[in-house]
Amino acid sequence: MAHLTTIAKRSYEEVKIGDTAEITKTITEADVVNYAGIIADFNPLHVNKEFAEKTRFGQRVVHGMLVASFFSTIVGMCIPGYNALYLSQEAKFVKPTFIGDTITARAEVIEKIDEKKRIILKTEIYNQRGELVVTGKAVTMLMD
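Rules used in this analysis
- Residues numbered from 1 in each chain as written.
- Predicted model: local features only at pLDDT ≥ 70, side-chain atom pairs only at ≥ 80, totals over all residues.
- Heavy atoms only, no water.
- Helix = DSSP H or I, 4+ residues; strand = E, 2+ residues; numbered from the N terminus.
- Buried < 20%, exposed > 50% of the residue type's maximum accessible area, 1.4 Å probe, protein only.
- Contact = heavy atoms within 4.5 Å.
- Areas by Shrake-Rupley, 256 points an atom, 1.4 Å probe, with all protein chains shown as cover.
- Lys, Arg positive; Asp, Glu negative; His and termini not counted.
- Charge placed at Lys NZ, Arg CZ, Asp CG, Glu CD.
- Salt bridge = Lys/Arg side-chain N within 4 Å of Asp/Glu carboxyl O.
- Pairing = 2+ DSSP bridges.
- Axes fitted to C-alpha atoms, helices over the stretch in contact; angles between N-to-C directions.

### Focus: the overall build of the chain
Part 1: A count of helices and strands for the chain gives five helices and five strands.
Part 2: Across the chain, helices and strands are ordered from the amino to the carboxyl terminus as β-α-α-α-α-α-β-β-β-β.
Part 3: If one aligns the C-alpha atoms of the chain with their principal axes, the spans along those axes are about 50 × 25 × 25 Å.
Part 4: Looking at the chain residue by residue over its 144 residues, the buried ones come to 36%.
Part 5: Restricting to contacts in the chain with at least 6 residues of sequence separation, those with at least 24 account for 66%.
Part 6: When the accessible surface of the chain is totalled, it reaches about 8,000 Å², and 52% of it is carbon and sulfur.
Part 7: Across the chain, the 18 positively charged side chains and the 18 negatively charged ones have centroids separated by 2 Å.

Written out as structure tokens, the structure is:
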């Protein structure tokens, strides 16, 4: 993942429709094991190689919410960044992500609601083959 060492600090007025941000991360076995431990989801499709090899996927599938969690990185670090509050996230899981896949999470500002300082983002995640794996929409706001 690109190391995000600074948090974007923009006012609501500085965030513009069409602004974009993206981050890239290769999903490792350690990521999956750690995530499974944190949320206590040990479904064998995610954590048992022998079991997963016998499924239609032929290998372990990364937890969908682990993949989608990178939208939170974009909200908290990039758009809007500093002082952001994540209000909601719609997510549709289009294709599975596998251990070793490199994903790129992208967000684009598609709408602003001035009276509430809300920022609506189109959110998408692609794998290394350019295939869409997660799509959705996020609602965020900047706290004063």
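### Observations regarding the side chain of D101
Part 1: Relative to the assigned elements, D101 resides in the loop between strand 2 (84-93) and strand 3 (102-113).
Part 2: Despite its burial, D101 pairs with no opposite charge, the nearest such side chain being R129 at 4.1 Å.
Part 3: Leaving out residues up to four positions away in the same chain, D101 has contacts with K25, T26, I27, P96, Q128 and R129.

### Some thoughts on the sheet that holds strand 3
Part 1: Pairing is antiparallel across the open sheet formed by five strands, whose spatial order is 1-3-4-5-2. One side of each edge strand has no neighbouring strand; the edge strands of this open sheet are strand 1 (20-26) and strand 2. Recorded for the sheet is a direction-independent mean angle of 20° between the axes of neighbouring strands.
Part 2: Its contacts with the sheet put helix 5 (residues 70-77) on strand 1, strand 2, strand 3, strand 4 (118-126) and strand 5 (132-142), and the angle it makes with strand 3 is roughly 50°.

### Focus on the pattern of salt bridges
Part 1: All chains considered together, the criterion is met by seven salt bridges.
Part 2: The residue E29 makes a salt bridge to R60 at a minimum N-O spacing of 3.1 Å. Pair noted here: E29 is in helix 1 (residues 29-39) and R60 is in the loop between helix 3 (49-53) and helix 4 (64-68), with a separation of 31 residues, a long-range link.
Part 3: Note on E29: relative accessible area 41%, which makes it partly exposed.
Part 4: Given a relative accessible area of 14%, R60 falls into the buried group.
Part 5: Ionic pairing is found between R129 and E131, a salt bridge with its closest N-O pair at 3.2 Å.

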